[in-house]
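Coordinates in review
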Amino acid sequence: MKPTIRIEYCPKCGWMLRAAYMAQELLTTFTDDVYGITLQPSEISGRYTIYVDDELIFDRKREGRFPEIKELKQLVRNKVNPEKFLGHSDSK
């Protein structure tokens, strides 16, 4: 069964567009590998997290920063399809 990716973001922080862009990037990259992507506003201030199914793979508060999109794509790839090549976004 293909996993679902969930992005939770703080709407008060203005991160809705960041979350939407990330969802678009992930959906484009992992179209055949995931069931879908859900964007979910959070009531927790400053939240920006990415889950694959129920497994947390990125938490902005824990990391203390927003990494580049290619780093986030690599984190998702490692969970949904470790064999997938990400082109110029890939680091080996």
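Report follows, based on the coordinates. (Residues numbered from 1 in each chain as written. Predicted model: local features only at pLDDT ≥ 70, side-chain atom pairs only at ≥ 80, totals over all residues. Heavy atoms only, no water.)

Bringing the overall build of the protein chain into the picture now. When helices and strands are tallied, the protein chain shows 3 helices and 4 strands. Each helix and strand of the protein chain, ordered N terminal to C terminal, gives the series β-α-β-β-β-α-α. Here the protein chain has a C-alpha radius of gyration of 13 Å; the compact-globule value for 92 residues is 12 Å, and the two agree. In terms of overall dimensions, the protein chain has C-alpha extents of about 35 × 25 × 20 Å along its principal axes. By residue count, 40% of the 92 residues in the protein chain fall in the buried class. For the protein chain, the share of sequence-separated contacts (at least 6 apart) that also reach a separation of at least 24 residues comes to 64%. As displayed, the protein chain has an accessible area near 5,800 Å², and 49% of this comes from carbon and sulfur atoms. Treating the 15 positive side-chain charges of the protein chain as one cloud and the 14 negative ones as another, the clouds have centres 4 Å apart. (Helix = DSSP H or I, 4+ residues; strand = E, 2+ residues; numbered from the N terminus. Rg over C-alpha atoms; globule rule 2.2 N^0.38 Å. Buried < 20%, exposed > 50% of the residue type's maximum accessible area, 1.4 Å probe, protein only. Contact = heavy atoms within 4.5 Å. Areas by Shrake-Rupley, 256 points an atom, 1.4 Å probe, with all protein chains shown as cover. Lys, Arg positive; Asp, Glu negative; His and termini not counted. Charge placed at Lys NZ, Arg CZ, Asp CG, Glu CD.)

Before going further, it helps to examine the packing of helix α1 (residues 16–29) against helix α3 (residues 69–80). Packing of α1 against α3 brings their axes to within 11 Å, and their N-to-C directions diverge by 50°. In terms of orientation, α1 lies oblique with respect to α3. Seen along the crossing, α1 lies across α3 with a hand that is right-handed. When α1 is examined against α3, the residues Y21, M22, E25, L26 and T29 are found in contact with a partner set consisting of I69, L72, K73 and V76. Of the residues that constitute the contact of α1 with α3, the class distribution is 6 nonpolar, 1 polar and 2 charged. (Axes fitted to C-alpha atoms, helices over the stretch in contact; angles between N-to-C directions. Parallel < 35°, antiparallel > 145°, perpendicular 65-115°, else oblique. Left-handed = near helix turned anticlockwise from the far one by under 90°. Nonpolar A, V, L, I, M, F, W, Y, C, P; charged D, E, K, R; others polar.)

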